[in-house]
Amino acid sequence: MKYSDGSEVRAPGTVIVSAAGQVEEHRKCVTPDLKQVPSSLLLYVDFSGSEEFPIGASALSQVIGNPGLNVPELDLKVFQAAFELIQGLVSDELILSGHDISAGGLLTAVCEMAFAGDCGVEIDLKHLCGNGVPACLFCEKPAAVIQVESTKLEQIEKRFSAARVKAVAIGRVLAEKEVR
């Protein structure tokens, strides 16, 4: 943005997509603040269907001055299956909290959830990212982080497996206000 006095402000471009839809029960919803539930777990849910973690068009790629890197791709069937599965888990009250992976990527989403819940998290990404941790932390491909009770994990994992949607346990909630 250039102002009349000659000053200039540079910021990454933003695309905002909004939608509205009918809901069966408006009282069944999930908020992004982590709940202080002992031994609850965080799951990374992939909506894209891709094993890759490209950082093109992400906030990180713009900061490092290379927004033209490889961009995330999307398999619409996987996206639909993941969306419907999440809706079912919300309806069955199996999700404690949730947040999309968008502006800033996984690390930003997890930190925002912890800050909003006034608690901490411990994350371990070796099963999700392998050796590609930096890209995994900042990739903005369609995905979500959900918080679930550990006692319900097996039931939830069966649903993801049946729907062929990738969900990986990436951490747990801490009472201490730390991000580990």
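Residues numbered from 1 in each chain as written. Predicted model: local features only at pLDDT ≥ 70, side-chain atom pairs only at ≥ 80, totals over all residues. Heavy atoms only, no water.

Student: Please set out the sheet that holds strand β5 (residues 167–174) residue by residue, giving values where relevant.
Tutor: The sheet built from five strands is open, its strands ordered β2-β4-β1-β5-β3 with antiparallel pairing. Of all strands in the sheet, those with a lone pairing partner are β2 (97–100) and β3 (120–123), marking the two edges. Each strand of the sheet is rotated relative to its neighbour by a mean of 25 degrees, with strand direction disregarded. As defined by bridge partners, β3 adjoins β5 across four bridges and the pair is classed as antiparallel. Bridge pairing links Glu-122 to Arg-172 in β5. Sitting on the sheet, helix α6 (residues 153–163) touches β1 (40–46), β4 (143–149) and β5, and the angle it makes with β1 is about 5 degrees. (Pairing = 2+ DSSP bridges. Helix = DSSP H or I, 4+ residues; strand = E, 2+ residues; numbered from the N terminus. Axes fitted to C-alpha atoms, helices over the stretch in contact; angles between N-to-C directions. Contact = heavy atoms within 4.5 Å.)

Student: Give a description of the pattern of salt bridges that names residues and reports values.
Tutor: According to the stated counting rule, one finds 13 salt bridges in the structure shown. Notably, a salt bridge pairs Lys-35 with Asp-33, separated by 3.3 Å at the nearest N-O pair. The exposure class of Lys-35 is partly exposed, given its relative accessible area of 25%. Among the residues examined, Asp-33 registers a relative accessible area of 25% and is labelled partly exposed. A salt bridge links Asp-46 to Lys-141, with the nearest nitrogen and oxygen atoms 3.8 Å apart. Highlighted residues: Asp-46 in strand β1 and Lys-141 in the loop between α5 (133–138) and β4, separated in sequence by 95 residues. Each of Glu-122, Arg-172, Glu-176, Glu-178 and Arg-180 takes part in one network of salt bridges that share partners. (Salt bridge = Lys/Arg side-chain N within 4 Å of Asp/Glu carboxyl O. Buried < 20%, exposed > 50% of the residue type's maximum accessible area, 1.4 Å probe, protein only.)

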